[in-house]
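This is what each chain is made of:
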Amino acid sequence: MVKPYSLMKKLESNTEEIIFESAMKVFHRKGLAAARMQEIADVAGINKAMLHYYFRSKQLLFEAVFKRAFMQLAPQIHQVLNSDVSLFEKIENFTNTYISFVLENRFLPTFIIQELNNNPEFTTTFFSQAALPKPTNFLKQIEEAIQNETIRTIQPKQLLIDLFSLCIFPFVGTPLLQKLSNTEEEAYNQLLEERKKHVASFIINAIKK
């Protein structure tokens, strides 16, 4: 008996969702270079041939996982940067939103850097087409806070870079920072969780009058 078209599409959608979740687990644990399609297929509970039916190569699967994760994060960051809350609350919301997301998608920051170096055509094309967060309102809010003497005189774009950098680097530099701080994985993960509040507090205390 031939399955109805709608049922077949639902089965395909479920299989694709399982592949995405399995690939994220493997990429998170091993990164792109060490990950194997067979391992992803094993975690997904499907054979390798079926995995290749959906994604012809590991690189294409990795790019698809990246696009999906990034397109989930970008609207959240855009919403935070353009919300109506105060500047300090916005900084707190940003660090909480960004770090919470990356804790669930640990491969993302490292992948962006790897792809910028190894696959510039993909990243250039993707970022030229993607709906990136727009920080215009956030930068304007910083300027207004300077004029109102709520914060000291700073370069708004420098603050934006500081905010992203302090959130991103502990994930990108995990092996180095873990070694330098002599911290085991579990304890380091706790430090990353604590950075949601630490980074916000650090930046706010640095800029407020």
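Residues numbered from 1 in each chain as written. Predicted model: local features only at pLDDT ≥ 70, side-chain atom pairs only at ≥ 80, totals over all residues. Heavy atoms only, no water.

Participant: I tried to follow the overall build of the chain on my own but got confused; where do I start?
Facilitator: Within the chain, the secondary structure is distributed over 11 helices and zero strands. Of the regular secondary structure in the chain, the N- to C-terminal order runs α-α-α-α-α-α-α-α-α-α-α. Expressed as lengths along the three principal axes of its C-alpha atoms, the size of the chain is roughly 70 × 45 × 30 Å. In the chain, once contacts between residues fewer than 6 apart in sequence are set aside, the share between residues at least 24 apart is 68%. Carbon and sulfur atoms form 54% of the exposed surface of the chain, whose accessible area is close to 12,600 Å². Of the charged side chains in the chain, 24 are positive and 22 negative, and the gap between their average positions amounts to 3 Å. (Helix = DSSP H or I, 4+ residues; strand = E, 2+ residues; numbered from the N terminus. Contact = heavy atoms within 4.5 Å. Areas by Shrake-Rupley, 256 points an atom, 1.4 Å probe, with all protein chains shown as cover. Lys, Arg positive; Asp, Glu negative; His and termini not counted. Charge placed at Lys NZ, Arg CZ, Asp CG, Glu CD.)

Participant: Can you help me understand the packing of aromatic side chains in this one?
Facilitator: How two aromatic rings sit relative to each other is set out by the distance from centre to centre and by the angle between their planes. All chains considered together, the criterion is met by 14 aromatic pairs. Between Y98 and F164 the ring centres are 6.4 Å apart and the planes differ by 75°, which places this aromatic pair in the edge-to-face class. Remark: F164 occurs in helix α9 (residues 156–172) and Y98 occurs in helix α5 (residues 87–104); sequence separation between them is 66 residues. On the basis of relative accessible area, F164 is assigned to the partly exposed category, the value being 26%. Following the ring pairs from residue to residue traces out a cluster consisting of F66, F70, F122, F126 and F127. One Lys or Arg, R68, reaches over the ring of F20 and ends 4.4 Å from the middle of that ring. (Phe/Tyr/Trp six-rings, centres within 6.5 Å; stacked < 30°, edge-to-face > 60°. Buried < 20%, exposed > 50% of the residue type's maximum accessible area, 1.4 Å probe, protein only. Lys NZ or Arg CZ within 6 Å of the ring centre and 35° of its normal.)

Participant: Please clarify how the UniProt feature "DNA-binding region" (unreviewed entry) in the chain should be interpreted in this entry.
Facilitator: According to UniProt, the feature "DNA-binding region" (unreviewed entry) maps to residues 36–55 in the numbering used here. Helix and strand shares over residues 36–55 are 75% and 0% respectively, and the end C-alpha atoms of the span are 13 Å apart. (UniProt positions renumbered as here; feature names shortened; annotations may be inferred.)

Participant: Help me understand the domain arrangement of the chain, please; the structure alone is not making it clear to me.
Facilitator: For interface size, the figure often reported is the accessible area lost on association. With domains assigned, the chain is organised as domain 1 (1–56) and domain 2 (67–207). Domain 1 and domain 2 are separated by 30 Å when their C-alpha centres are compared. Taken together, the contact pairs six residues of domain 1 with seven residues of domain 2. Interface of domain 1 and domain 2: buried area, both sides summed, is about 570 Å²; carbon and sulfur atoms make up 62% of it. By the criterion of area lost to domain 2, the three top residues of domain 1 are M24, H28 and L32, representing 67% of everything that side buries. Connecting domain 1 to domain 2 are one salt bridge. Residue R68 is joined to E17 by a salt bridge in which the shortest nitrogen-to-oxygen separation is 2.5 Å. At the boundary of domain 1 and domain 2, one finds one residue pair in polar contact (both at pLDDT 80 or more). (Domains from an automatic or database assignment. Buried area = accessible area lost by both parts, 1.4 Å probe. Salt bridge = Lys/Arg side-chain N within 4 Å of Asp/Glu carboxyl O. Polar contact = N/O pair within 3.5 Å; in protein donor to acceptor, adjacent residues only side chain to side chain.)

Participant: Looking at this model, I keep getting lost on the packing of helix α4 (residues 58–81) against helix α6 (residues 107–118). Mind explaining?
Facilitator: Angle between the axes and distance between the axes: these two values describe a pair of packed helices. Contact geometry of α4 with α6 gives a least axis separation of 11 Å together with a crossing angle of 120°. The angle between the axes of α4 and α6 places the two elements in the oblique class. Both α4 and α6 take part in a crossing whose hand is left-handed. The segment α4 lies against α6, with Q59, F62, E63, V65, F66, A69 and L73 engaging F107, L108, F111, I112 and E115. Residue classes in the contact of α4 with α6 are distributed as nine nonpolar, one polar and two charged. (Axes fitted to C-alpha atoms, helices over the stretch in contact; angles between N-to-C directions. Parallel < 35°, antiparallel > 145°, perpendicular 65-115°, else oblique. Left-handed = near helix turned anticlockwise from the far one by under 90°. Nonpolar A, V, L, I, M, F, W, Y, C, P; charged D, E, K, R; others polar.)

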